[in-house]
Amino acid sequence: KVHSVPYGNFGGDCSTRLETKYDVRWEVGAVSECGIRESNEDAYLISNDLYGAFAASEISSQEISSSFEKDHMKESSHSEQHIRKGRKDQGLFAIFDGHCGNQAARFAAEKFPSFLFDEITRISNDDPSFSFTAEEHAKSVLVSAMARLDDEFCRFCAVDGRDWESGATALISIISDGFVAIANLGDCKGVMCSSISSLQNDGSHSQFSEEDGWQLLDDQEDHEEYSDKKWDRATGGDIESTEIQCYWKEVTESHSPSRDDERQRIEDAQGWITNETEIPIGQLQRMDFADKDVVEILKRCFSDRMNEKEHHAEPGRIIQISRICGELAVSRALGDRDFKAAYNRAEDSGTESVVRWEGPCFLPYPENHDRFFKGDLVSSTAEIQVECIGRKGAFDEFLLLACDGLWDVMDADDAVRVTRGLLFEKKWSAKEAAARLAELAIHLGSSDNITVIVISFSSVK
């Protein structure tokens, strides 16, 4: 096993200089580490322009150009011309966390851009008003592209002598005209961070309400250097930023069998949920107490006990693990065809509106269960969240995407603190920040593969 080489690059260059509502630029860094596992089943995908992602997916340039000309230039405003050759102000970023093999993650990373392109083309043909820069249209494209990706992989698993049982959780983000769309299947997580001056009285703070999930980072007094100066990544210089307040938000919700709506769906399909209790003793044994950030995170965990603040990743905590039919700990994923109706033998009956299908033989069926299910036990329907960028009076700092190998050992607010310190105090690149976060997860005792993507926004006009 060797350490992975981190990736770093820049995006958001509008080389055609067409007028756009926002001028968005970013720096991206990514890394995928094996950790203590014998192999790395994760994969990630980064393209700093969607046209480049489509071209890399073996779609001919002529096909792309003709499709965009037909579908995105009819009576077009400049925003409707956004996705086409020469425009590089839209980015595609994805993490696929594999299980039961790396086949699903690798297939998804290689094939997703082509499915995304196909869905953009199909929907724009059906709907003359389609524009990928519209939030609702972007959401519908992501959902349908991920469903298509899942279907193609599940069928691919059982042809030409294959008998793959692999699956993968997925986290996909697209940066477009003034918004970030995040699609999620499973337990990967995304966190967005923005800041604003507390001296502003123009109502800017109302954009970051608790009702919308935003939280104020609560210990910024510990960062005096950052409070006095803020490094502007657009110009490379410091700017005065008295009393800066940082807001962060989790932009995904994990799909666990214990979630009420997921549990109901599984039980309606004749499935069942098992629960396990685990104390991660191995994590404590693997922790590197020579790492200053490890010590600081532990200090916060134990000091916050006095304030009754919950830390989901606290070392030594009791972990409750819920599994579908005693097997999978996630309720939505790509692949996992043994848990999906379309890829198993249907019951020979045409009397019911919902087709029953025969479950796999390896499941530990409860007594009196007839081994048939109704509908999918594992869903491939992605949940989408859309966040605005370029809010008036606010500075969009970064978007952090990572698999559960990071989040199992680090709470979101600690990840925000560390990332801000790396980007704005130490002035590290996004590439260096991603590598450091993965290293810190290992030093905190993570037992999983760790994949991290840091997207640092440099300027939004």
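First, a word on what this report is: a plain description of the structure on this page. Owing to the predicted nature of the structure, the values given are computational and were not obtained by experimental measurement. (Residues numbered from 1 in each chain as written. Predicted model: local features only at pLDDT ≥ 70, side-chain atom pairs only at ≥ 80, totals over all residues. Heavy atoms only, no water.)

## Concerning the overall build of the protein chain
Each helix and strand in the protein chain was counted, giving eleven helices and 19 strands. Burial status across the protein chain gives 53% buried among its 461 residues. For the protein chain, the proportion of contacts with a sequence separation of at least 24, taken over those separated by at least 6, is 76%. When the accessible surface of the protein chain is totalled, it reaches about 20400 Å², and 47% of it is carbon and sulfur. (Helix = DSSP H or I, 4+ residues; strand = E, 2+ residues; numbered from the N terminus. Buried < 20%, exposed > 50% of the residue type's maximum accessible area, 1.4 Å probe, protein only. Contact = heavy atoms within 4.5 Å. Areas by Shrake-Rupley, 256 points an atom, 1.4 Å probe, with all protein chains shown as cover.)

## Points about a nonpolar patch on the surface
Residues Ile-279, Ile-281, Leu-284 and Ile-318 make up a contiguous nonpolar surface patch of roughly 360 Å² in combined accessible area. Mapped onto the elements of the fold, Ile-279 is located in the loop between β12 (273–278) and α7 (281–286). (Patch = residues over 30% accessible without salt bridge, like charges linked within 9 Å, V, L, I, M, F, W, Y side chains within 5 Å. Salt bridge = Lys/Arg side-chain N within 4 Å of Asp/Glu carboxyl O.)

## A closer look at the packing of aromatic side chains
If you walk through the whole model with that rule in mind, you get 13 aromatic pairs. Members of the aromatic cluster, joined through ring pairs, are Phe-107, Phe-153, Phe-156 and Trp-164. Above the face of the Phe-156 ring, Arg-162 is positioned so that its terminal group lies 3.6 Å from the ring centre. Above the ring of Trp-428, the side-chain terminus of Lys-426 is found at 5.2 Å from the ring centroid. (Phe/Tyr/Trp six-rings, centres within 6.5 Å; stacked < 30°, edge-to-face > 60°. Lys NZ or Arg CZ within 6 Å of the ring centre and 35° of its normal.)

## Points about helix α3 (residues 103–126)
The end-to-end C-alpha distance of α3, which contains 24 residues, comes to 33 Å, matching closely the 34 Å that a straight helix rising 1.5 Å per residue would cover. At Lys-111, α3 shows its largest kink, close to 50°, and the proline Pro-113 lies no more than four residues downstream. (Expected span 1.5 Å × (residues − 1). Bend = angle between axes of the 7 residues up to and from the residue.)

## Re the pattern of salt bridges
Per the counting criterion, the structure on display carries 30 salt bridges. Ionic pairing is found between Glu-383 and Arg-259, a salt bridge with its closest N-O pair at 3.0 Å. Here Glu-383 is found in strand β17 (residues 383–388), whereas its partner Arg-259 is found in the loop between β11 (244–250) and α6 (260–268), with 124 residues between them in sequence. Owing to a relative accessible area of 14%, Arg-259 belongs among the buried residues under this scheme. Of the charged contacts, one joins Glu-276 and Arg-323 as a salt bridge, the two residues approaching to 2.8 Å between their closest N and O atoms. Taken as a pair, Glu-276 in strand β12 and Arg-323 in strand β13 (residues 319–324) lie far apart in primary sequence, 47 residues in all. You can call Glu-276 partly exposed: its relative accessible area is 31%. Residues participating in the shared-partner salt-bridge network are Glu-253, Arg-259, Asp-261, Glu-262, Arg-265, Arg-332 and Glu-383.

## Some remarks on the side chain of Arg-436
Along the chain, the position of Arg-436 falls in helix α11 (residues 430–443). Setting aside residues up to four positions removed in sequence, Arg-436 forms contacts with Asp-291, Asp-293, Leu-422, Trp-428 and His-443.

## A word on the side chain of Ser-322
Position of Ser-322 relative to the elements: it lies in strand β13. Not counting the four nearest positions on each side in its chain, Ser-322 is found in contact with Pro-257, Ser-258, Ile-273, Thr-274, Asn-275, Leu-328 and Ala-329.

## Describing the packing of helix α8 (residues 292–303) against α11
The relative placement of two packed helices is expressed as an angle between their axes plus a distance between the axes. Two elements in contact, α8 and α11, have axes separated by 9 Å at closest approach and are oriented at 65°. Judged on the interaxial angle alone, α11 and α8 are roughly perpendicular. Two packed elements cross with a definite hand, and for α8 against α11 that hand is right-handed. Residue-level contacts link Asp-293, Val-294 and Ile-297 of α8 to Arg-436, Leu-440 and His-443 of α11. (Axes fitted to C-alpha atoms, helices over the stretch in contact; angles between N-to-C directions. Parallel < 35°, antiparallel > 145°, perpendicular 65-115°, else oblique. Left-handed = near helix turned anticlockwise from the far one by under 90°.)

## Re the nonpolar core
One finds Leu-92, Phe-96, Phe-112, Leu-116, Leu-142, Met-146 and Ile-172 to be the most contacted residues of the largest nonpolar core, which totals 38 residues. Counting only elements with at least two residues in this core, the list comes to β3 (42–47), α1 (50–56), β4 (91–99), α3, α4 (135–156), β5 (167–176) and β6 (179–185). In terms of residues, this core owes the most to one element, α3, which gives eleven residues. When near neighbours in sequence (up to four residues on either side) are disregarded, Leu-116 contacts Leu-50, Phe-54, Leu-92, Val-141, Ala-145 and Ile-174. Membership of the second largest hydrophobic core comes to 37 residues, among which are Phe-398, Ala-412, Ala-434 and Ala-441. (Core = buried A, V, L, I, M, F, W, Y, C linked by side-chain atoms within 4.5 Å.)

## A closer look at unusual backbone geometry
With phi around 60°, Cys-100 is a residue other than glycine that occupies positive phi space. Assessed through its relative accessible area of 53%, Cys-100 is described here as exposed.

## So, the packing of helix α10 (residues 412–425) against α11
The geometry of α10 relative to α11 is characterised by a closest axis approach of 10 Å and an angle of 140° between their N-to-C directions. Put simply, α10 runs oblique to α11. The handedness of the crossing between α10 and α11 is right-handed. Contacts between α10 and α11 involve Ala-415, Val-418, Thr-419, Leu-422 and Leu-423 on the former and, on the latter, Ala-430, Ala-433, Arg-436, Leu-437 and Leu-440. Looking at the contact of α10 with α11 residue by residue, the classes come out as eight nonpolar, one polar and one charged. (Nonpolar A, V, L, I, M, F, W, Y, C, P; charged D, E, K, R; others polar.)

## Examining the pairing of β4
Regular strands place side chains that alternate from one sheet face to the opposite one. With nine of its nine residues buried, β4 lies for the most part within the structure. Residues Gly-91, Phe-93, Ile-95, Asp-97 and His-99 point to one face of β4 and Leu-92, Ala-94, Phe-96 and Gly-98 to the other, with burial holding for every one of them. The pairing of β3 with β4 spans six bridges and is antiparallel. Along β4, the bridge assignment pairs Asp-42 with Asp-97. Strand direction decides the pairing type here: β4 and β5, joined by nine bridges, are antiparallel. Directly across from Phe-93, in β5, lies its bridge partner Ser-173. (Pairing = 2+ DSSP bridges.)

## Here's the deal with the environment of Glu-439
Tracing the backbone shows Glu-439 in helix α11. The sequence separation of Glu-439 and His-3 amounts to 436 residues, and the corresponding C-alpha distance is 9.9 Å.

The quantities given are spatial measurements derived from coordinates; they are silent on function.
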